[in-house]
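# Descriptive structure summary
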Amino acid sequence: ERVSSLMNRAIELGALAATACERSAGCPKLASVLSDAPPDESKPSWVLLSAESAANSITLLAIDVEMIERRSDKLRLPVTAALVRCEIPEGNDAPTTSTLFSGFVDPSSVDAGWASGDIAAWDYKEQFTGFTHADLLARRDAGEMTPLSQLQRRIKDAMHAGAFLVGHGIQCDLRCLRLHGAALRRRVVDTMWIFRTKGGGSAPLKDLVAEMLAEVGDWADFQKGAHGALRDAEAALALVLRELRLLVEQRGHRVGTWSGGERCKRYCVLESDAGKIIGRHGAKIDELRAKSGAEVKLHERRSSSPVRVLEIRGEAEAVSCAERLMREMHGNIHMRAL
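Heads up: these notes are all about the structure in this document. Keep in mind the model is a prediction, meaning the values are calculated, not measured.

The rules behind these values
- Residue positions within a chain follow its written sequence, with the count starting from 1.
- With pLDDT at 70 or above as the cut-off, local features in this predicted model cover only qualifying residues; side-chain atom pairs require 80 or more to be listed or tallied, and sums for whole chains, interfaces and linings still use all residues.
- Calculated side-chain values reflect all of the structure's heavy atoms, with hydrogen atoms and water omitted.
- Lines are fitted to the C-alpha atoms to define the axes, a helix being fitted only along its stretch in contact, and any angle between axes, read from their N-to-C directions, falls within 0 to 180 degrees.
- The way it works is that DSSP assigns letters per residue, a run of H or I at least four long becomes a helix, a run of E at least two long becomes a strand, and they are numbered from the N terminus.
- Here is the rule for angles: anything less than 35 degrees is roughly parallel, anything more than 145 is roughly antiparallel, 65 through 115 is roughly perpendicular, and the remaining ranges are oblique.
- It is the rotation of the near helix from the far one that decides the hand of a crossing: anticlockwise by less than a right angle makes it left-handed, clockwise makes it right-handed.
- Contacts were defined at the residue level, with two residues in contact if any of their heavy atoms lie within 4.5 Å.
- Charged means Asp, Glu, Lys or Arg here, nonpolar means Ala, Val, Leu, Ile, Met, Phe, Trp, Tyr, Cys or Pro, and polar covers whatever is left, Gly included.
- Whenever a carboxyl oxygen of Asp or Glu lies within 4 Å of a side-chain nitrogen of Lys or Arg, that contact is scored as a salt bridge.
- Buried means the residue's accessible area, taken with a 1.4 Å probe over protein chains only, is under 20% of the maximum for its type, while exposed means over 50%, and partly exposed covers the values in between.
- By definition, two strands form a pair when at least two bridges between them are found by DSSP.
- Stacked, edge-to-face and tilted are the three classes for Phe, Tyr and Trp ring pairs, Trp counted by its six-membered ring, which pair at centre distances within 6.5 Å; planes under 30 degrees apart are stacked, over 60 edge-to-face, the rest tilted.

## A short note on the packing of helix 8 (residues 205-212) against helix 9 (residues 229-249)
In contact at an axis separation of 11 Å, helix 8 and helix 9 are set at 50° when each is read in the N-to-C sense. When the axes of helix 8 and helix 9 are compared, the pair comes out oblique. The hand of the helix 8/helix 9 crossing is left-handed. Residue-level contacts link L205, L208, V209 and M212 of helix 8 to D232, A235, A236, L239 and R242 of helix 9. Classifying every residue of the contact of helix 8 with helix 9 by side-chain character gives seven nonpolar, no polar and two charged.

Written out as structure tokens, the structure reads:
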């Protein structure tokens, strides 16, 4: 039974990887790193990943990278990164997780010009990394940056026949870290491709965490402010472990099942304000729908009730937009959240 349980998990992980591969078939950035030929042989530092060494367990390797960008050609270089290993045991024992790397990365082997501080040439993406150019230089001068080649070696050494790479939008991370290999084709479990929105688009990691991990662990403040590579890697890993558990325990569970990012907000409004919200021949409510992209419905009132229910439904961004437009268009209308 213990071996059977491990095999079931391996099969379901393969299904997750296959789903991500199938859904990302039209993504050229991911396709370019799923080959034994480097995506761009003219650029240095590419490392080929393989999965030839024997496997004694199933391993999930969660990766996340925070990066800066060269403005001239959008080349992205890693400045912080995280690599988290999760071993899936036989039987019903809990997975064991360890951090193989979390820290600063020196990308000078790709382009040493990143250290120049020339903001006309480089976008240091401080709002995402949480570090200014001066911060990064200070870390480098203090010897706190790990050369990119050393991080590449750690990832390469961690790969084996039972290993899967986990991440969110992992094609960007792999390209940034200069990693590629045909062996990754069925070994990439990407939450961006597994969990799609109702419209078929990609959902922000923050939205996935808010919906599926809100009741598990300390995720309430996830991505409030600058992103942290370690926390993002742990989030993607937690989502995959959750999905794996559901696939093993629930035979009817469909891969990537979630709300699709759909949100629903309901408000009480006065019957006397209904005409203002709807507008002449429905013009106002139609405008609200068109501008926000949300479904907006003003329900009929019940019997002699003095209020009606206004329902706003759609992806989180569309719902927020509709709420903002309601305030702008009808600032004098009182809406009470239900």
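## A word on the pattern of salt bridges
Under the defined criterion, the tally for this structure stands at 21 salt bridges. In this structure, D73 engages R70 in a salt bridge whose closest nitrogen and oxygen atoms are separated by 2.6 Å. By relative accessible area, D73 is classed as partly exposed at 37%. Overall, R70 belongs to the buried group, its relative accessible area being 18%. One salt-bridge network, in which partners are shared between bridges, spans E69, K74 and R76.

## Here's the deal with the packing of helix 11 (residues 283-292) against helix 12 (residues 316-329)
Relative orientation of the contacting elements helix 11 and helix 12 amounts to 140°, with a least axis distance of 9 Å. Judged on the interaxial angle alone, helix 12 and helix 11 are oblique. Of the two possible hands of crossing, helix 11 and helix 12 adopt the one that is right-handed. Across the interface between the two elements, K284, E287, L288, K291 and S292 of helix 11 pack against A318, C321, A322, L325, M326 and M329 of helix 12. Looking at the contact of helix 11 with helix 12, its residues break down into seven nonpolar, one polar and three charged.

## Points about the environment of I333
Tracing the chain through its elements places I333 in the loop between helix 12 and strand 13 (336-337). Along the primary structure I333 and S272 are separated by 61 residues, whereas in three dimensions their C-alpha atoms are 9.8 Å apart. I333 has contacts with D273, K276 and I277, leaving out every residue within four places of it along the chain.

## Section: the pairing of strand 3 (residues 75-88)
Summarising burial for strand 3: 11 of the 14 residues are buried, a large majority. Relative to strand 3, strand 2 (residues 58-70) runs antiparallel, the two sharing 13 bridges. Across the sheet, residue T59 finds its bridge partner in strand 3, namely E87. Between strand 2 and strand 3, which pair antiparallel and follow one another directly, the connecting turn spans four residues, one of which, K74, has a positive phi of 65°.

## Regarding the packing of aromatic side chains
Two descriptors summarise a pair of aromatic rings, namely the distance from one centre to the other and the angle between the planes of the rings. Scanning the model with the defined rule gives two aromatic pairs in all. Between F104 and F131 the ring centres are 4.9 Å apart and the planes differ by 70°, which places this aromatic pair in the edge-to-face class. You can see F104 sitting in strand 4 (residues 96-106) and its partner F131 sitting in the loop between helix 3 (126-129) and helix 4 (133-141), a full 27 residues away along the chain. Using a relative accessible area of 10% as the deciding quantity, one classes F104 as buried.

So, to be careful, I would describe these as geometric facts and stop short of saying anything about function.
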